[in-house]
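Read off the chains here:
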Amino acid sequence: MDQPVAPSVTLADVLNAIVNETYTVLPNRRTTICQLTLDNGFTVEGSSACVSAENFDPVKGNHYAREKALDKVWAHLGFRLADQLHNAAQEALKGTQVAYT
């Protein structure tokens, strides 16, 4: 796979940002909630559910709930990176003088 030419969020970044994860099965015995805690203390949640409690599989529930929570981590880290790049660009512009003729 080609390396990106610009800064980007990687799967390693996403996984490294997670410091804790918890799973909760709701009382309906069909829904799993995954909560991921990020390195800055922020939390994101993902959920999964099956139609019938008789079909509930906790391994699958955890897997799909975690995938949905991971999607949110990607988005938050993308925002974090965009913010860092913006701030760096603003700092680089400080002291730059524009000549008018």
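Basis of the calculations
Residues numbered from 1 in each chain as written. Predicted model: local features only at pLDDT ≥ 70, side-chain atom pairs only at ≥ 80, totals over all residues. Heavy atoms only, no water. Helix = DSSP H or I, 4+ residues; strand = E, 2+ residues; numbered from the N terminus. Buried < 20%, exposed > 50% of the residue type's maximum accessible area, 1.4 Å probe, protein only. Salt bridge = Lys/Arg side-chain N within 4 Å of Asp/Glu carboxyl O. Contact = heavy atoms within 4.5 Å. Patch = residues over 30% accessible without salt bridge, like charges linked within 9 Å, V, L, I, M, F, W, Y side chains within 5 Å. Areas by Shrake-Rupley, 256 points an atom, 1.4 Å probe, with all protein chains shown as cover.

S.K.: Where do I start with unusual backbone geometry in this structure?
M.R.: Comment: phi is negative for the bulk of residues other than glycine, and the bulk of peptide bonds are trans. The phi torsion at Arg29 lies on the positive side, around 60 degrees, for a residue other than glycine. With respect to the element layout, Arg29 can be found in the loop between β1 (18-25) and β2 (31-38). Overall, the relative accessible area of 54% leaves Arg29 in the exposed class.

S.K.: Can you walk me through the pattern of salt bridges in this structure?
M.R.: In a structure, side chains of opposite charge can pair up when their charged atoms sit close to one another. Scanning the entire structure with this criterion turns up 3 salt bridges. Between Glu21 and Arg66 there is a salt bridge, with its nearest N and O atoms 3.1 Å apart. Of this pair, Glu21 sits in strand β1 while Arg66 sits in helix α2 (residues 58-93); the two residues are 45 residues apart in sequence, bridging distant segments of the chain. Residue classification places Glu21 among the partly exposed positions, given a relative accessible area of 30%. In this structure, Arg80 engages Asp39 in a salt bridge whose closest nitrogen and oxygen atoms are separated by 3.0 Å. Taken together, the residues span a long stretch of sequence, with Arg80 in helix α2 and Asp39 in the loop between β2 and β3 (43-49) at a distance of 41 residues. Assessed through its relative accessible area of 28%, Arg80 is described here as partly exposed.

S.K.: Just checking my understanding: could you explain the side chain of Thr32 for this structure?
M.R.: Looking at where Thr32 falls in the secondary structure, it is placed in strand β2. Each residue touching Thr32, except ones within four places of it in the same chain, is listed here: Tyr23, Thr24, Val25, Gly46, Ser47, Ser48, Phe56, Gly61, Asn62 and Ala65.

S.K.: I tried to follow the environment of Ala12 on my own but got confused; where do I start?
M.R.: Along the chain, the position of Ala12 falls in helix α1 (residues 11-17). For the pair Ala12 and Lys68, spaced 56 residues apart in the sequence, the C-alpha separation amounts to 17 Å.

S.K.: Explain a nonpolar patch on the surface to me, please; I cannot follow it from the model alone.
M.R.: Judged by side-chain polarity, Leu11, Leu15 and Trp74 come together as a nonpolar surface patch covering roughly 270 Å² of accessible area. Structurally, the position occupied by Leu11 is in helix α1.

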